[in-house]
Amino acid sequence: MPKDPALATGTGTGPHHVAIIMDGNGRWAQARGRPRLFGHHAGARRVREIVEACPDLGVKYITIFAFSTENWKRTQVEVAGLMSLFRRYITKEAKALHDEGVRVRFIGDRVRLDKKLIALMDELEQLTAENDKVHLTIALNYGGRDEVARATKRLAQDVAAGRLDPEQVDEETLPKYLDTCVLPDPDLVIRTSGEARISNFLLWQSAYAEYEFIDTLWPDFSREIFAELVQNYGARDRRFGAVKA
Ligand code: FPP
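Parameters and conventions
Per chain, residue numbering runs from 1 following the sequence as it is written. Local features in this predicted model are restricted to residues of pLDDT 70 or higher, and side-chain atom pairs are both shown and tallied only at a pLDDT of 80 or more, whereas totals for entire chains, interfaces and linings draw on every residue. Computation of side-chain values: all heavy atoms of the structure, hydrogens and water removed. UniProt positions are given in the numbering used here, feature names are shortened, and annotations may be inferred rather than shown by experiment. Nearness is defined per residue: one heavy atom within 4 Å of the molecule or strand is enough. Whenever a nitrogen or oxygen atom comes within 3.5 Å of another N or O atom, the pair is scored as a polar contact, on the condition that within protein one atom can donate a hydrogen and the other can accept it, and that pairs from neighbouring residues in sequence are kept only if both atoms are in side chains. Here the open area of atoms and residues is found with the Shrake-Rupley method and a 1.4 Å probe, where only the protein chains shown may cover a residue. Under the scheme used here, helices are H or I runs from DSSP no shorter than 4 residues and strands are E runs no shorter than 2 residues, and both carry numbers assigned from the N terminus. The classification of residues rests on relative accessible area computed with a 1.4 Å probe and restricted to protein chains. Under 20% of the type maximum is buried, over 50% is exposed, and intermediate values are partly exposed. We call two residues contacting when some pair of their heavy atoms lies within 4.5 Å.

- The name given to the protein in an unreviewed UniProt entry is Isoprenyl transferase, with Thalassovita aquimarina as the source organism.
- Recorded under Sequence similarities (unreviewed entry), the UniProt text for the protein is reproduced unchanged: "Belongs to the UPP synthase family."
- A UniProt comment under Subunit (unreviewed entry) is attached to the protein, and it reads "Homodimer."

The structure is reproduced here in structure tokens:
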């Protein structure tokens, strides 16, 4: 259940926090006889439309999976192209995101990212730190298992240093060490492109999330499809393991 009542979900009918696995860029490009990066660029353009749709749909938090800890296994050309796309995206979109009241955060391990990209990420987080209309979290070099391992390492360091009593470690303590510590858990996780997998995305946080696996490839995802999924969510009955009263 949500940690902070102020972040409580389920009070309205729609999802408060939506997380999206943006899959299918490569296939979308291939279907057009174009290189995979063409699909990633088309996918990046969709992000703006979907973030802009959030306030009208009552979605306060949106978290998108941009690059996983496993994505380094792709060709050097694709990885370099994606990194360059992220740098360009941040540079190009910063002002519009800020003007629209979007607070941007990044989750994931920054150690393998290049310094220029890290600096842009820091700048965008600082620029938008006071915004509260929509909270956009971009998962970049993110893996759920990696996140839990990094969190556990920091937790163990606190125990070793005498700052944390092992007896106090429970379901409330561990998430405080996760990259998502200030975010509510996702209510709805969407994956595009017909794959029904969660691919190491928000493993801890999605324990009670609803899932939507849809066939649409990410570059074809639209505000209308998003609205439909948000509406479907409103019709669901979330019980968090309890029996309905
Ligand atoms: C998965 O599709 C997509 C990715 C690994 C990259 C996601 C990146 C974007 C949507 C672009 C930009 C994002 C931001 C925040 C600017 P895939 O390539 O695995 O598709 P496939 O399964 O068809 O090959």
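After that view of the structure, there is still more to cover.
Re the site of the ligand
Now for step 1: Near the ligand, the surroundings consist of 18 residues, among which Asp23, Gly26, Arg27, Arg36 and Arg74 are the closest.
Now for step 2: Between Asn25 and the ligand, the recorded distance is 3.2 Å, taken from a backbone N or O atom to an oxygen atom.
Now for step 3: The contact in question runs from an oxygen atom of the ligand to an N or O atom on the side chain of Arg36, over 2.8 Å.
Now for step 4: Contact with the protein chains covers 92% of the free accessible surface of the ligand, which is 620 Å².
Now for step 5: Broken down by secondary-structure element, the contributors of at least two residues to the shell around the ligand are helix 1 (25-30), helix 2 (36-57), strand 2 (61-68) and helix 3 (76-99).

A short note on the UniProt feature "active site" (unreviewed entry) in the protein
Now for step 1: Sequence positions flagged by UniProt for "active site" (unreviewed entry) are, in local numbering, Asp23 and Asn71. Over a stretch of 49 residues, the named residues converge on one spot in the fold, their C-alpha atoms separated by at most 12.2 Å.
Now for step 2: Tracing the backbone through its elements, the reader meets Asp23 in the loop between strand 1 (17-21) and helix 1.
Now for step 3: We classify Asp23 as buried; its relative accessible area is 17%.
Now for step 4: What Asp23 contacts, discounting residues up to four positions off in sequence, is Arg191, Thr192, Ser193, Glu195, Leu217 and Trp218.
Now for step 5: Mapped onto the elements of the fold, Asn71 is located in the loop between strand 2 and helix 3.
Now for step 6: On the accessibility criterion, Asn71 (16% relative accessible area) is buried.
Now for step 7: At 2.8 Å, the side chain of Asn71 forms a polar contact with the backbone nitrogen of Ser68.

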